[in-house]
Amino acid sequence: MAKVRILPDRVANQIAAGEVIERPAAVVKELVENAVDAGATRIEVEFRHGGRSLIRVEDNGGGMSRDDAMLALERHATSKIIEADDLNRLTSFGFRGEALPSIASISRFTLQTRETGAEAGTEIVVNGGRLVHVHECGRPVGTRIEVAQLFNSVPARRKFLKTDPTEAAHIVSGVRLYALAFPRVAFTLIEDGRIIFRSPECPGLVDRVGEIFGRQLAEGLVSLEAEEPGLRLRGFIGRPGAGRATRHEMITFVNQRPVDSRTLNYALIESYHESLPKGRYPAAFVFLDLDPAAVDVNVHPAKREVRFRSEPAVRSFVIRAVLQRLRELAPAAGPATAAPVAPLPAEPVLSVPWASAPALSQGGAIVRPVFLPPPPAPRPAVVASSAPSPAVARASVPTETGRDSIAAWRYVGRVHGVYVLFETPAGLVVIDRRAAHERVWFERLQAEFAAGSVASQRLLLPVPVELDPVATALLLDRLEFLNAHGFEISEFGRNFFRIEAVPAWMEPAGAEPFLRDLLGAVREGRFPDGAIGLAREELARLAVAKAIRLPEAAGEAELRALLSQLFACRSPLSSPSGRPTQIELSVGELARRFQK
Amino acid sequence: MKFKINRDHFTNGLAQVLNVVGSKATMPILSNVLIEAEKDHITLTTTNLDLGIRCKIKAEVKEGGAVTLPVKRLATIVRELPNVDVTFDASPNHQVKLASGGSNFRIMGIGKEEFPPLPEFGDEKSFTLEQAELTAMLKSVAYAQSTDETRYILNGVYFNFRDGKLSLVATDGRRLALVSKELEVPATSAGAIILPAKTVNELARMLDKGEKLKISFNDRRAAFQINTDKDASGLTDSIYLYSKVVEGNYPNYQQVIPKETHQRIKLERELFLQCIHRAALVCSEKSNSVKLKLTSNLLEITAQSPDFGEAHESMAIGYSGPDLQVAFNPSFMMDPLKALNKDEVFFELKDEVSPGVFKTLDSFICVIMPVRLS
């Protein structure tokens, strides 16, 4: 018997499904794309149990005849391209002709469609790739596809699905992307019979952003419009200074296709280099239009990634366009930009541990002796836990000689406002005030959380917060946790909350940005469910970044107090985010550097 | 220009205008004082573009004219001069000769043309007030201003001229102080401004020079004309203070003030202040709250910090309502108590989540939100 066989179509489809359909959100994506390609002006998406038990996408697009519908369920059947060369002229979403048969092979699949002008619609039911029946049915013009019992024939895949809320969040954010890309199409999204959002046809993108992400966000955006031969960039970007903790609100489209393009993302982040502090991301909804031939979407079956023919050209065009717009805004943007964030020293300089207090000259350039030997070790990767990294431990010889001896350290002075110098018996210690404060506060907050005694200051004027549906769901899940840790947040209508009390150490005005950053962290999975210890640690870590305001003028007494508080901590050597709090220059090292 | 002036008068005049000048002026001219001589006085003006001050001092003017000089340095020099008589002589190239007794200074100035003009006022609304009264009113609310720059609307004192009274309001989002006085407010002059914190400070500093002051304002600016009839150290006419106002809508403070009174206690202000102050001594950054416990005719004040210890104070009061407990940030309680000068204050409470309200027999109200341990 021959060892090599051609696989039956059903198996081939199931394998293809593995590539295209990795989770319920992918089904929704494929079906919504088909609906858009069919010219629909109204799309309704419904799903149940995170898409596991039901996904229904209904549109009022062109529909299909009976024969077309049958053919659509065959592999590599598509109406969108005819020959390979068409790939260079793609203006539709789909072209592979794999989605429908793949989905049909792993679910109970019902397709109802009626073409414009046809007398009656067609209903096709396929179960796990086997045709159950085809007959006529009544329905309005358009197509309705129901996908039930997804992954019924591939139990392995079913096991790998995440919890229903997670899968639901993926579906919601996917549908939102398409809703943004097509403001003129009315979208409705229903989860378990509950309307997540319903957005009628919007006159423009900014209205759609407001509908989906909340009006507060939409009001903070400015329009962007730039054109060069062969390239066009349009959309909305956040004002300078208004950053987000995550990239969730940095959304890019290429020829109206939502994509995850490193080139575009980095170009955006780079453009905001001077307008946002490091580690913050801009809110951006930008559409890049270019010749279909200059972009390859056939990189990944899910088409989430794209490749540009000329990455550098696209990149520099985006940076130019965004920078230009940001500069125009700069004088009018008011206090937010009045004090631009000082450019951080470039990474390579930091990699020399004992030179990491670079002297900033007037112009902000870094004065660095050129004769420095190559860095002894690469900069330690930022450690997520509070355990000191090896490099930090190396810099910590003084602590091993005992905490009692810090009283013997001689205060030398403050350097550039942020560093403090002490002379020790073994050499010289440089303390980073911010990192030290962060460590002290971090342990203080942790102790407070653990003791369950979090003082909460009620506000005279509650702070209203409007969130998008995903963030609302996340917040609702964590409301109890937050309210047990100094906040008092109450639901105040759909996607609307009021902060009525904040932890006593927080400024009332800091409450809303903090909450948004916190939800960003939750989205990144930094607040695991059920692990209260970890969640508390994460909350404390976020809080210290906000809570600390370094007093301008700190005298010796205060800085000494800081030093002793720091050394009273459990792990005084690193800040909660893993940066070192101190650097030691030993007498020997100083001597070596002066070539004695 | 040339004039002769009394050293102490000159020092006093410079002291009035000195504070406006920031240490890090972006335009060099802003760290200068404009000196103009005419008739029998000189006029001193400084501005940082947000706030400008102008005062006039008696002098023997021999020749009129104007020049600007670095004000900080000038003030230091004038204060240290050996003789009371000072002659001041500016040449057309803006060099100034300052002579007093045996000391002579030559100082480089800048021409008056570069000095930004103080704003002209047009169709503004204006009121006349008593200086002493406004001082007391400012003092009783100023501590509640916010210092958090992200909420700039609250970085000032709200002046509301409406409904036959002037109300001054300040809040930082956790507490709110309000004081009002009756004042005839014609319908056409009704209006409100938010006076920035820096202006409030300067204003409070100047309000002891005479009887009356006049406040004029429109949507963007406010001006104060402060009489100096009680001043004996050279000031003549009035001091003028011109300020930008904080533009924006002040929060609706009326909705924050509780409409009903639940439990009201009468307190001896000094005694209560001392008790809170003592109890707060054990507070730390970590646990900055003081608990009040009301039982029949007894007020207990407790504070504690886990790593230090605890304090317990008790006061006899007249109280017959239900037992109740509530905690506050001690400085929120002490600030109004310190600022007031009445012997008795009323303190109204409801429960541990409702605000506490200080009142006096005058129309003073201070609402403070409680702290809760969750």
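Structure report, in brief. (Residues numbered from 1 in each chain as written. Chains lettered and ligands numbered in written order. Predicted model: local features only at pLDDT ≥ 70, side-chain atom pairs only at ≥ 80, totals over all residues. Heavy atoms only, no water.)

1. Regarding helix α3 (residues 131–142) of chain B
When the terminal C-alpha atoms of α3(B) are compared, their 16 Å separation across 12 residues agrees well with the 16 Å that a helix rising 1.5 Å per residue should span. Residues Q131(B), L134(B), M137(B), L138(B), S140(B) and V141(B) constitute the buried set of α3(B). (Helix = DSSP H or I, 4+ residues; strand = E, 2+ residues; numbered from the N terminus. Expected span 1.5 Å × (residues − 1). Buried < 20%, exposed > 50% of the residue type's maximum accessible area, 1.4 Å probe, protein only.)

2. A short note on the packing of helix α1 (residues 7–18) of chain B against helix α2 (residues 71–80) of chain B
All names here are of chain B. Contact pair α1 / α2: the axes reach a minimum separation of 9 Å and the direction vectors enclose 155 degrees. On the basis of their axis angle, the class for α1 and α2 is roughly antiparallel. α1 and α2 meet at a crossing whose hand is left-handed. Within the contact between the two elements, α1 uses R7, F10, T11, L14 and L18 and α2 uses V71, K72, L74, A75, V78 and R79. Of the residues contributing to the contact of α1 with α2, the split by class is 7 nonpolar, 1 polar and 3 charged. (Axes fitted to C-alpha atoms, helices over the stretch in contact; angles between N-to-C directions. Parallel < 35°, antiparallel > 145°, perpendicular 65-115°, else oblique. Left-handed = near helix turned anticlockwise from the far one by under 90°. Contact = heavy atoms within 4.5 Å. Nonpolar A, V, L, I, M, F, W, Y, C, P; charged D, E, K, R; others polar.)

3. What to know about empty space enclosed by the protein
Once rolled over the atoms, a probe with the size of a water molecule shows which space is left empty. All names here are of chain A. Applying the stated criterion across every chain, the model contains 4 cavities of 30 Å³ or more. Within this model, the second largest cavity holds a volume of roughly 40 Å³. Contributing to the lining of the second largest cavity are V420, F422, I431, A436, L559, L562, L563 and L566. Counting only elements with at least two residues in the lining of the second largest cavity, the list comes to β21 (419–424) and α19 (556–567). (1 Å grid on protein atoms, 1.4 Å probe; cavity = no way out; pocket = protein on both sides within 12 Å on 5 of 7 lines; lining within 4 Å. Points joined across faces, edges and corners; volume = space filled by probe spheres on them.)

4. Details of the interface of chain A and chain B
A common way to state how big an interface is: give the accessible area lost once the parts meet. The interface of chain A with chain B comprises 25 residues on the first partner and 24 residues on the second. Where chain A abuts chain B, roughly 2,100 Å² becomes buried across the two surfaces, and 54% of that area is made up of carbon and sulfur atoms. Three residues, R458(A), L460(A) and L461(A), lead the burial of chain A against chain B; their summed loss comes to 33% of the area buried on that side. Summed over the shared surface of chain A and chain B, the number is 2 salt bridges. Between R372(B) and E488(A) there is a salt bridge, with the nearest N and O atoms lying 3.1 Å from each other. Where chain A touches chain B, the interface holds 7 residue pairs in polar contact (both at pLDDT 80 or more). Of all the secondary-structure elements, those providing two or more residues to the side of chain A that touches chain B are α15 (433–451) and β23 (455–466) of chain A. With 8 residues, β23(A) is the single largest residue contributor to the side of chain A that touches chain B. The residue makeup of the side of chain A that touches chain B, split by class, is 12 nonpolar, 7 polar and 6 charged. (Buried area = accessible area lost by both parts, 1.4 Å probe. Salt bridge = Lys/Arg side-chain N within 4 Å of Asp/Glu carboxyl O. Polar contact = N/O pair within 3.5 Å; in protein donor to acceptor, adjacent residues only side chain to side chain.)

5. Details of the packing of helix α16 (residues 469–483) of chain A against helix α17 (residues 511–523) of chain A
All names here are of chain A. Following both chains from N to C, one finds α16 and α17 inclined at 100 degrees, their axes separated by 10 Å at the closest point. With respect to α17, the axis of α16 lies roughly perpendicular. Here V470, A471, L474, L475, R478 and L482 of α16 lie close against α17, whose contacting residues are L515, L518, L519, V522 and R523. Tallied by class, residues from the contact of α16 with α17 come to 9 nonpolar, no polar and 2 charged.

6. Re the pairing of strand β7 (residues 85–90) of chain B
All names here are of chain B. Burial along β7 is one-sided: V86, F88 and A90 are buried, and none of D85, T87 and D89, which face the opposite way, are. Taken together, the 5 bridges between strand β1 (residues 2–6) and β7 define a ladder with antiparallel strand orientation. When the bridges of β7 are listed, K4 appears paired with T87. In this sheet, strand β8 (residues 95–100) lies alongside β7 in antiparallel orientation, the contact comprising 4 bridges. Bridge assignment links T87 to a residue of β8, and that residue is A99. Here β7 folds back onto β8, and the loop between the two strands holds 4 residues, one of which, H94, carries a positive phi near 65 degrees. (Pairing = 2+ DSSP bridges.)

7. Topic: the sheet that holds β1(B)
All names here are of chain B. Reading across the sheet, the 5 strands line up as β5-β1-β7-β8-β9 and stay open at both edges, with antiparallel pairing between neighbours. The outermost strands of the open sheet, each flanked by one partner alone, are β5 (60–63) and β9 (103–108). Between one strand and the next, the sheet's axes are offset by a mean angle of 15 degrees, whatever the strand orientation. Where β8 meets β9, 6 bridges bridge the pair, whose relative direction is antiparallel. Its bridge partner being in β9, Q95 is matched across the sheet by M108. Sheet strands touched by α1: β1 and β7. Its angle to β1, the strand with the most contacts, is close to 95 degrees.

8. Section: the packing of aromatic side chains
For any pair of aromatic rings, geometry is given as the distance between the ring centres together with the angle between the planes. Considering all chains together, one arrives at 19 aromatic pairs over all chains under this definition. Here the aromatic rings of F3(B) and F88(B) are separated by 4.5 Å at their centres, their planes lie at 15 degrees, and the arrangement is stacked. A residue pair is termed long-range when its members are at least 10 positions apart, and F3(B) in strand β1 and F88(B) in strand β7 qualify at 85 residues. Residue classification places F3(B) among the buried positions, given a relative accessible area of 1%. The buried category is assigned to F88(B), whose relative accessible area is 0%. Measuring from ring centre to ring centre gives 4.2 Å for F127(B) and F161(B), while their planes differ by 0 degrees; the resulting arrangement is stacked. Here F127(B) is found in strand β10 (residues 125–130), whereas its partner F161(B) is found in strand β11 (residues 156–162), with 34 residues between them in sequence. With a relative accessible area of 0%, F161(B) lands in the buried category. A connected cluster of aromatic rings, assembled from ring pairs, spans W409(A), Y411(A), F422(A) and F567(A). Here the basic side chain of R444(A) rests over the ring of W441(A), its NZ or CZ set 5.3 Å away from the ring centre. (Phe/Tyr/Trp six-rings, centres within 6.5 Å; stacked < 30°, edge-to-face > 60°. Lys NZ or Arg CZ within 6 Å of the ring centre and 35° of its normal.)

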